[in-house]
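Okay, here's what each chain looks like letter by letter:
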Amino acid sequence: MTTTDITALTPHLEFVRSQFPALSGPWTFLDNAGGSQVLTGVADRVRDYLLQTSVQLGATYAVSQEAAARVADGTRAAAELINAADPREVVLGSSATQLIANFAQSYGATLTEGDEVIVTSTDHEANIGAWMRARGAVVRVWRPRPDTLELHLDDLGALMTGRTRLVCVTHASNILGRINPVARIAERVHAGGAQIFVDGVAYAPHRLVDVQALDVDFYMFSFYKVFGPHISLLYGKLDHLLALPNINHTFVGEQAIPYKLQPGNVNYELTYSLRAITDYLEQLGGRVQAGATGRGAMVAAYAAIADHEAMLAGLLLTFLRSKARVRVIGPATADPAVRVATISFVVEGRRSSEFPRALDDHHVAVRYGNFYARRLMDELALDPDEGVIRVSMAHYNTVQDVDRLIGHLDTIGLD
């Protein structure tokens with residue numbers, strides 16, 4: 001390790017890694033965009049809920065009341081994490097794909113024939129297909145510039161019309177790793193009289209989400225990629241959620257948010273576990289910046305996370321750029337203002353599937369494929385099944401993890 005490899009997070013990596021039991025095993029996990037490792041505190045809370053308060057909510061007896069309080073606290077933790085103004089603005093569900101499908105069912109009922117929804121071709125299919133199926137919607141596609149693979153605001157402006165109701169965009173591409181300027185996009189969308197729906201699944205593990213600062217109308221991500229359990233979050237501004245039609249039981253009132261958008265209700269034990277994520281981030285932030293508490297500590301934690309992951313990404317990108325047959329799909333820079341530490345590449349004349357399978361033998365976990373960004377694969381003229389090789393790093397990864405990957409890639413051969 002050199003001085004350039006030392007970040008504000010480096011002195012605290014022992015603490016960080018101690019919170020994720022899976023890291024003590026033989027595997028180096030570099031497939032974190034598919035699912036992060038889980039905090040001990042999350043698992044402890046799931047266990048505690050199931051063994052102490054596994055009852056239905058809404059009863060008069062004390063255990064039911066305690067269970068309800070635990071679930072409510074988990075929802076508050078989710079709201080605090082994204083800086084929502086009101087816990088009622090948080091809708092929880094089984095997955096981001098399911099939440100978008102539910103939301104599109106409700107929002108779609110408000111569309112009239114000829115209303116327009118704009119999607120991007122860089123998004124996960126969950127944030128495209130649901131709108132393609134929405135009743136009455138005319139779907140327009142915002143495509144990246146072929147030379148840079150960036151989404152340009154001028155191109156969005158050319159797509160928007162007086163009938164545009166909703167613009168759906170990813171905060172960070174799960175293939176390209178590029179961070180889109182969501183606050184600026186939201187400003188443009190609102191100026192055109194429309195609303196914005198943001199997929200933050202590939203962004204939230206790497207940067208602190210602030211829905212109020214972004215001024216987004218709707219935002220969603222998955223906690224199982226943010227160190228937690230398999231549960232996901234949909235945020236909506238309070239007035240917007242109140243205006244949406246109910247998709248729950250017919251007798252559920254239109255004002256009953258978030259319940260009217262949660263058919264089948266939430267998973268109680270997983271919701272309760274979410275407090276462990278904010279607790280961890282506050283502990284980490286307090287270590288990185290002495291005296292920091294609350295949201296200030298989470299800001300400090302994520303600032304350190306961004307710098308640490310950028311350093312790791314820089315090591316890998318430097319290696320990949322040195323290989324003539326390697327094409328990085330996305331920004332070649334590790335600048336944390338430009339990208340997250342999700343790096344995709346292809347090797348000329350080789351199948352993407354060759355490399356993860358070879359790395360499996362060395363207990364280095366990476367992945368290949370289209371990652372449900374099938375339309376982007378088509379635009380890039382890549383085999384939709386082979387797709388790309390994707391290395392996705394999290395803040396608990398180390399220089400040694402990246403060196404281990406590079407060493408084995410060199411042995412396999414990229415030239």
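- An unreviewed UniProt entry lists the chain under the name Cysteine desulfurase family protein (TIGR01976 family), with Deinococcus metalli as the source organism.

### What to know about the packing of helix α3 (residues 62–82) against helix α11 (residues 275–288)
A pair of packed helices can be characterised by two numbers: the angle between their axes and the separation between those axes.
Right, so step 1: Running from N to C, α3 and α11 point in directions that differ by 45 degrees, and their axes come no closer than 8 Å. It follows from the interaxial angle that α3 and α11 lie oblique. Where α3 abuts α11, its residues D73, R76, A77, E80 and L81 lie against R275, T278 and L281.
Right, so step 2: By residue class, the composition of the contact of α3 with α11 is 3 nonpolar, 1 polar and 4 charged.

### A word on the packing of aromatic side chains
One pair of aromatic rings is described through two measures. These are the centre distance and the angle between the planes.
Right, so step 1: Throughout the structure, instances matching the rule amount to 16 aromatic pairs.
Right, so step 2: When the ring of F103 is compared with that of W131, the centres are 5.9 Å apart and the planes differ by 75 degrees; the resulting orientation is edge-to-face. Of this pair, F103 sits in helix α4 (residues 96–108) while W131 sits in helix α5 (residues 126–132), and the two are 28 residues apart along the sequence.
Right, so step 3: Judged by relative accessible area, W131 falls into the buried class, the value being 0%.
Right, so step 4: Ring geometry for F103 against F218: centres 4.6 Å apart, planes inclined by 55 degrees, an arrangement best described as tilted. Note that F103 is positioned in helix α4 and F218 in strand β7 (residues 218–222), a separation of 115 residues in sequence.
Right, so step 5: Clustering of aromatic rings is evident, with ring pairs tying together F15, F20, F227, Y280 and Y396.

### Looking at the nonpolar core
Right, so step 1: If you look at the biggest cluster of nonpolar residues, it comprises 100 residues, and the most contacted ones within it are W131, Y219, F221 and F223.
Right, so step 2: Both domain 1 (10–40 + 293–412) and domain 2 (44–277) contribute no fewer than three residues apiece to this core.
Right, so step 3: Residues contacting Y219, with those up to four places away along its chain left out, are H171, V198, G200, Y203, V209, V211, L214, L233, L234 and Y235.
Right, so step 4: Of all hydrophobic cores here, the second largest spans 28 residues; its members include L30, L317, V328 and V391.

### Points about the packing of helix α2 (residues 40–52) against α11
Right, so step 1: As a packed pair, α2 and α11 sit with axes 8 Å apart at the nearest point and diverge in direction by 150 degrees. In terms of orientation, α2 and α11 fall into the roughly antiparallel class. When the axes of α2 and α11 are compared, the crossing they make is right-handed. Contacts from G41, V42 and R45 of α2 reach α11 at R275, A276, I277 and D279.
Right, so step 2: Class assignment for the residues of the contact of α2 with α11 results in 3 nonpolar, 1 polar and 3 charged.

### Let's talk about the sheet that holds strand β8 (residues 232–236)
Right, so step 1: The 7 strands lie next to each other as β2-β8-β7-β6-β5-β3-β4, forming an open sheet whose pairing is mixed. Each edge of the open sheet carries a strand with a single partner, namely β2 (90–93) and β4 (138–142). Shown here is a sheet whose adjacent strand axes are inclined to one another by a mean of 20 degrees, direction ignored.
Right, so step 2: Summarising the sheet, strand β5 (residues 164–170) and strand β6 (residues 195–199) pair through 5 bridges and their orientation is parallel. The residue of β6 that forms the bridge with L166 is Q195.
Right, so step 3: Lying on the sheet, α3 is in contact with β2, β7 and β8; it crosses β2 at an angle near 120 degrees.

Calculation rules
Residues numbered from 1 in each chain as written. Predicted model: local features only at pLDDT ≥ 70, side-chain atom pairs only at ≥ 80, totals over all residues. Heavy atoms only, no water. Axes fitted to C-alpha atoms, helices over the stretch in contact; angles between N-to-C directions. Helix = DSSP H or I, 4+ residues; strand = E, 2+ residues; numbered from the N terminus. Parallel < 35°, antiparallel > 145°, perpendicular 65-115°, else oblique. Contact = heavy atoms within 4.5 Å. Nonpolar A, V, L, I, M, F, W, Y, C, P; charged D, E, K, R; others polar. Phe/Tyr/Trp six-rings, centres within 6.5 Å; stacked < 30°, edge-to-face > 60°. Buried < 20%, exposed > 50% of the residue type's maximum accessible area, 1.4 Å probe, protein only. Core = buried A, V, L, I, M, F, W, Y, C linked by side-chain atoms within 4.5 Å. Domains from an automatic or database assignment. Left-handed = near helix turned anticlockwise from the far one by under 90°. Pairing = 2+ DSSP bridges.

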